[in-house]
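Structural overview
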Amino acid sequence: MPEMKLAPIEKFMFEELGVERLKLTGGSSIKYQHKILKRLGRDGLFTVHKSHKKREIISRFDYRKYLRPRLLEIIDLMEMEDACGNAK
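Because the structure is a prediction, the values reported are computed rather than measured.

For the rest of this paragraph, the subject is the nonpolar core. Membership of the largest hydrophobic core comes to 17 residues, with the highest contact counts inside it found for Met-13, Tyr-32, Phe-46 and Leu-67. Looking at this core, the elements that each hand over two or more residues are helix H1 (7-17), strand S3 (29-33), helix H2 (35-38), strand S4 (45-49) and helix H3 (60-87). Looking at this core element by element, the count peaks at four residues for H3. If we skip the residues at most four places from it in the chain, Phe-46 touches Met-13, Val-19, Ile-30, Lys-31, Tyr-32, Gln-33, Leu-37, Leu-67, Arg-70, Leu-71 and Ile-74.

With that settled, consider the pattern of salt bridges. Enumeration according to the criterion identifies four salt bridges in this entry. Between Arg-21 and Glu-56 there is a salt bridge, with the nearest N and O atoms lying 2.8 Å from each other. Of this pair, Arg-21 sits in strand S2 (residues 20-21) while Glu-56 sits in the loop between S4 and strand S5 (57-59), and the two are 35 residues apart along the sequence. Among the ionic pairs, Glu-56 bridges to Lys-50, the shortest N-O distance being 3.2 Å.

Mean pLDDT over the protein: 88, with 94% of residues reaching 70 or higher. In the model of the protein, H2 stands out as the element of lowest mean pLDDT, 88, in contrast to H1, which has the highest, 95.

Considering the arrangement of structural elements, one finds Arg-68 in helix H3. Judged by its relative accessible area of 41%, Arg-68 falls in the partly exposed class.

Another aspect to go through is the pairing of S3. For a regular strand, the rule is simple: side chains alternate between the two faces of the sheet. Relative to S3, S2 runs antiparallel, the two being bridged by two bridges. Each residue of the ladder has a partner; that of Arg-21, found in S3, is Tyr-32. As defined by bridge partners, S3 adjoins S4 across five bridges and the pair is classed as antiparallel. Residue pairing across strands places Gln-33 opposite Leu-45, the latter belonging to S4.

Scoring rules and cut-offs
- Residues numbered from 1 in each chain as written.
- Predicted model: local features only at pLDDT ≥ 70, side-chain atom pairs only at ≥ 80, totals over all residues.
- Heavy atoms only, no water.
- Core = buried A, V, L, I, M, F, W, Y, C linked by side-chain atoms within 4.5 Å.
- Buried < 20%, exposed > 50% of the residue type's maximum accessible area, 1.4 Å probe, protein only.
- Helix = DSSP H or I, 4+ residues; strand = E, 2+ residues; numbered from the N terminus.
- Contact = heavy atoms within 4.5 Å.
- Salt bridge = Lys/Arg side-chain N within 4 Å of Asp/Glu carboxyl O.
- pLDDT = per-residue confidence, 0-100.
- Pairing = 2+ DSSP bridges.

And the structure:
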């Protein structure tokens, strides 16, 4: 299965969207959170499975199925928040 480097994806997530990576001990999951998801009555958390310890990568399937939908949701919510803030 094709894989993707996680570092460039995370750079966008952290710098542009304000996503935070939570510290976990061990395991192959990476847990993230974003404050805008909490406002919807959710816990604000989402996870993805990583491969390799030194060079973190994720499968394209996991990206499309788990990470991409959350990122698009965050972008949509941020755009709606900006639009409402600009209208005031």
